[in-house]
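# An overview of the molecular structure
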Amino acid sequence: MSETTEESVIDIPVAGHKCPICGCEAVQRYKPFCSKRCADIDLNRWFTGVYNIPAEPVDPEKLPTKEEE
Ligand SMILES: [Zn+2]
């Protein structure tokens, strides 16, 4: 059932948004990218450490606890 849906969805261009990977016009579906391919490329860059974001380790005990329920 989900085999054909991915390609059948119309990609709506996002005016003024350029894909940071290839420079083509971005589409709503993969914003800010133009296609799944470019989104995957970007994702892969994260995994391979091209983007080196300094992240502070979060102590679970310091997280705010929800006591609403
Ligand atoms: Zn692209």
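Residues numbered from 1 in each chain as written. Predicted model: local features only at pLDDT ≥ 70, side-chain atom pairs only at ≥ 80, totals over all residues.

## Things to note about the overall build of the protein chain
Looking only at helices and strands, one finds two helices and two strands in the protein chain. Its helices and strands taken in sequence order, the protein chain reads α-β-β-α from the N to the C terminus. Counting all 69 residues of the protein chain, 9% fall into the buried class. For the protein chain, restricting intrachain contacts to residue pairs at least 6 apart in sequence, the fraction spanning at least 24 positions comes to 0%. (Helix = DSSP H or I, 4+ residues; strand = E, 2+ residues; numbered from the N terminus. Buried ≥ 20, exposed ≤ 12 C-beta atoms within 10 Å, placed from the backbone. Contact = placed C-beta atoms within 7 Å.)

## What to know about the pairing of strand β1 (residues 13-18)
Among the six residues of β1, zero are classified as buried, and the element is accordingly described as predominantly exposed. Counting the residues between successive antiparallel strands, the hairpin from β1 to strand β2 (residues 25-27) contains six residues, one of them, G23, with a positive phi of roughly 90°. (Pairing = 2+ DSSP bridges.)

## Let's talk about the confidence of the model for the protein chain
Mean pLDDT over the protein chain: 81, with 75% of residues reaching 70 or higher. When the elements of the protein chain are averaged for pLDDT, helix α1 (residues 5-8) gives the smallest value, 57, and β2 the largest, 95. (pLDDT = per-residue confidence, 0-100.)

## Thoughts on helix α2 (residues 36-48)
The terminal C-alpha atoms of α2, which comprises 13 residues, lie 18 Å apart, in line with the 18 Å expected from a rise of 1.5 Å per residue. Two residues or fewer after α2 comes G49, characterised by a positive phi angle close to 85°. (Expected span 1.5 Å × (residues − 1).)

## A short note on unusual backbone geometry
P32 follows K31 through a cis peptide bond whose omega is 5°. With respect to the element layout, P32 can be found in the loop between β2 and α2.

## Regarding the environment of S35
Within the secondary structure layout, S35 lies in the loop between β2 and α2. Under the C-beta neighbour-count criterion, S35 is labelled partly exposed, with 17 such atoms within 10 Å. In this structure, the C-alpha to C-alpha distance between S35 and E25, residues 10 residues apart in sequence, is 9.4 Å.

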